[in-house]
Amino acid sequence: MDRAGLKITLLFGASLTVMSGATISPSLPALRDQFAETANIEVLARLVLTLPALLIAITAPLSGWAIDRLGRLKILMGGSVLYALAGMSGLIVDSIAAMLIGRALLGVSVGLMMPAVTTLAGDYFEGQERGRYLGLQAAFMGFGGLVFVTGGGFLADLYWRAPFAIYGASLLMIPLVLAFLPEPPRKTASSPEASQGGIPMIVFAIYATAFFSMMAFYLVPTQLPFLLNGVMQIPEPSRAGMAIGVATLFSSAASLLYGRLTGRLPVALFVAVGLGLMAVAYAAVWLAPGYGAILVAMIALGTGMGIIMPVMSVTLLSAAPEHIRGRLSGGLTASVFLGQFASPILSQMLAGPAGGLQGVFAIFSGALALVCALALALWLRRPAKVAPIPAER
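Because the structure is a prediction, the values reported are computed rather than measured.

Below, the discussion takes up the pattern of salt bridges. One pass over the full model with this rule turns up eight salt bridges. In this structure, Glu126 engages Arg130 in a salt bridge whose closest nitrogen and oxygen atoms are separated by 3.9 Å. Using a relative accessible area of 1% as the deciding quantity, one classes Arg130 as buried. Connected through salt bridges with shared partners, the residues Asp68, Arg72, Asp123, Arg325 and Arg327 form a single ionic network.

A few words on the packing of helix α3 (residues 41-70) against helix α5 (residues 96-124). Taken N-terminus to C-terminus, the directions of α3 and α5 make an angle of 35°; their axes are 6 Å apart at the nearest point. The chirality of how α3 crosses α5 is right-handed. Residues belonging to the contact of α3 with α5 are distributed by class as follows: 21 nonpolar, five polar and one charged.

With that settled, consider the packing of aromatic side chains. With the rule as written, the count across this model stands at seven aromatic pairs. Consider the rings of Tyr83 and Tyr167, whose centres lie 5.7 Å apart with planes at 65°: the pair is edge-to-face. In this pair, Tyr83 is assigned in helix α4 (residues 72-88) and Tyr167 in the loop between α6 (127-158) and α7 (173-180), connecting sequence segments 84 residues apart. Each of the two residues, Tyr83 as well as Tyr167, counts as buried.

Time to look at the packing of α3 against helix α9 (residues 219-231). In contact at an axis separation of 10 Å, α3 and α9 are set at 135° when each is read in the N-to-C sense. What the angle tells us is that α3 and α9 run oblique. As α3 runs across α9, the sense of the crossing is right-handed. Facing Glu42, Arg46, Leu49 and Thr50 of α3, the residues of α9 in contact are Pro221, Thr222, Gln223 and Phe226. Split into classes, the residues belonging to the contact of α3 with α9 amount to three nonpolar, three polar and two charged.

Another point: helix α14 (residues 357-381). Over its 25 residues, α14 extends 37 Å from the first C-alpha to the last, a length consistent with the 36 Å expected when each residue adds 1.5 Å. Taken residue by residue, α14 has Leu357, Gly359, Val360, Phe361, Phe364, Ser365, Leu368, Cys372 and Ala375 as its buried positions. Where α14 is buried, its residues meet α8 (202-217), α9, α11 (267-287) and α13 (325-354).

Taken together, the side chains of Leu136, Phe143, Leu249, Phe250, Leu256 and Ile299 present a nonpolar region at the surface, about 420 Å² in accessible area. Mapped by element, the contributors of at least two residues to the nonpolar patch are α6 and α10 (237-261). Looking at the nonpolar patch, the element that brings in the most residues is α10, giving three residues. Here Phe143 lies in helix α6. Residue Phe143 is classed as partly exposed on the basis of its relative accessible area, which comes to 35%.

Thresholds applied
Residues numbered from 1 in each chain as written. Predicted model: local features only at pLDDT ≥ 70, side-chain atom pairs only at ≥ 80, totals over all residues. Heavy atoms only, no water. Salt bridge = Lys/Arg side-chain N within 4 Å of Asp/Glu carboxyl O. Buried < 20%, exposed > 50% of the residue type's maximum accessible area, 1.4 Å probe, protein only. Axes fitted to C-alpha atoms, helices over the stretch in contact; angles between N-to-C directions. Helix = DSSP H or I, 4+ residues; strand = E, 2+ residues; numbered from the N terminus. Left-handed = near helix turned anticlockwise from the far one by under 90°. Nonpolar A, V, L, I, M, F, W, Y, C, P; charged D, E, K, R; others polar. Phe/Tyr/Trp six-rings, centres within 6.5 Å; stacked < 30°, edge-to-face > 60°. Parallel < 35°, antiparallel > 145°, perpendicular 65-115°, else oblique. Contact = heavy atoms within 4.5 Å. Expected span 1.5 Å × (residues − 1). Patch = residues over 30% accessible without salt bridge, like charges linked within 9 Å, V, L, I, M, F, W, Y side chains within 5 Å. Areas by Shrake-Rupley, 256 points an atom, 1.4 Å probe, with all protein chains shown as cover.

Have a look at this one:
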């Protein structure tokens, strides 16, 4: 087995899933203006970014079941083809309804791909190697996000539709999968390894943490372009893309650090530190006097998220019985993307009572600080139940 080719293929697939939404974020104000006569365009323009997340959340659990029953690679390759076709539809469609249909199909494709990529990581790697790989994967997703989102910002400066062309990159997955990924042997519920009970309770805590942290994080791609454009009078889409890129860059750096620390610190401590940094970041956005302060806030935000996401994946894969690994991975994917979908809906509901977008960031800062305190209390008061991730299974 070519381990280098295997890792490159999985890392590329993971980067495609993270770019599914945020790549076109810098285009949102121009897209809104293009369809300005459409009723409720303020909400619909944001749904172009986040509708895929709802379809991912719906598709991923079904995909996880299919992955366990039919195998990983068929689902991964089918999702890659649909990803390219649905993603690039934004280049040609001429109505907001058609745009949303294409984005919904893009969500279905990611709902197929992401659980497959996560499950394969659990199949191919064990123990500390798995932790190091998932830290590297989260870092690679961040670096990919930096390239795709920042590139999308500069393409949007040229023409608002141009970022949709980036989705065609997913067609490269087909030859890579065929060349480097073997189909892992599948375990069934009747296998000796599958006789150790049902779903561990920690899985549900992981799902809740993933949902909440992603709902908070997605304020940036869904609302920051509008905050810069409308409140701070910074009209260039590339400036929004650059801010999002800074967050993803520091998310990558933090994930690489996590790969080195995996197995050494309690899960709850990782979560508390990550959420605390995100709370500080949103307090800084709330009080920011200018664009420079926004960039500094994105450093803290990206670092916090880069700590949280790999620990969620590592903890889940360590706890998941092999015969339902695909289904539990699908549940994690659903939690992440349901948080993405809920983010603009909740933030728009809060914008009026909060006095505008800056007030929304203040509310989320307080919520993040509260959950951070709960995680910290769990670490301090119940150390035996939040032990470090074991080095070997």
